Amino acid sequence: MMRFGQSGNACSTIVVGEKAFTEQDILVHLMSSLIEEKPDLKVVRKPYLGGSAVTHSALIGGNKHITSAVARV
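### Some details on the pattern of salt bridges
Applying the stated criterion across every chain yields a total of one salt bridge. One salt bridge connects Glu36 with Arg45, and the closest N-O pair in it is separated by 2.7 Å. According to the relative accessible area criterion, Arg45 is partly exposed, its value standing at 30%.

Written as structure tokens, this is what we have:
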């Protein structure tokens, strides 16, 4: 199991962020709600971050931990 936080056993905070689309906003809240069921995990929700470049940079830079992979066709 992967844990997020400053130390291995510390209370962890997970940042869930997504692009600026309604579907992704819903996914942020769904994923966050599931994570919040674990009492030792805290969630920061960051919906509507912007486009692909912004959300990718946030993920690579450590400003968010989870994102969905939704392809628009």
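### Details of the nonpolar core
One recurring pattern in soluble globular proteins is that nonpolar side chains are buried together. Counting residues in hydrophobic clusters, the biggest one holds six residues: Ile14, Val16, Val28, Ile35, Leu41 and Val43. Put simply, the parts of the chain that give this core at least two residues each are β1 (12–17), α1 (22–36) and β2 (41–46). Among residues more than four places away in sequence, those in contact with Val28 are Val16, Gly17, Glu18, Arg45, Lys46 and Pro47.

### Digging into the side chain of Ser32
Along the chain, the position of Ser32 falls in helix α1. Judged by relative accessible area, Ser32 falls into the buried class, the value being 0%. A polar side-chain atom of Ser32 sits 2.7 Å from the main-chain carbonyl oxygen of Val28. For Ser32, the residues in contact, after removing those within four places along its chain, are Val16, Val43 and Arg45.

### A word on the confidence of the model for the protein chain
Overall, the prediction assigns the protein chain a mean pLDDT of 79, with 78% of residues at 70 or greater. Every residue in residues 1–7 is under pLDDT 50, and counting partners more than four places away or in other chains gives nine contacts.

### Some thoughts on the pairing of β1
The buried count for β1 comes to five of six residues, which makes it a mostly enclosed element. Direction of pairing for β1 relative to β2: parallel, over a ladder of six bridges. Paired with Gly17 across the strands is Lys46, a residue of β2. Following the chain from β1 across α1 to the adjacent parallel β2, one finds a crossover that is right-handed.

Rules and cut-offs
- Residues numbered from 1 in each chain as written.
- Predicted model: local features only at pLDDT ≥ 70, side-chain atom pairs only at ≥ 80, totals over all residues.
- Heavy atoms only, no water.
- Salt bridge = Lys/Arg side-chain N within 4 Å of Asp/Glu carboxyl O.
- Buried < 20%, exposed > 50% of the residue type's maximum accessible area, 1.4 Å probe, protein only.
- Core = buried A, V, L, I, M, F, W, Y, C linked by side-chain atoms within 4.5 Å.
- Helix = DSSP H or I, 4+ residues; strand = E, 2+ residues; numbered from the N terminus.
- Contact = heavy atoms within 4.5 Å.
- Polar contact = N/O pair within 3.5 Å; in protein donor to acceptor, adjacent residues only side chain to side chain.
- pLDDT = per-residue confidence, 0-100.
- Pairing = 2+ DSSP bridges.
- Right-handed = clockwise from strand over helix to strand, strands pointing away.

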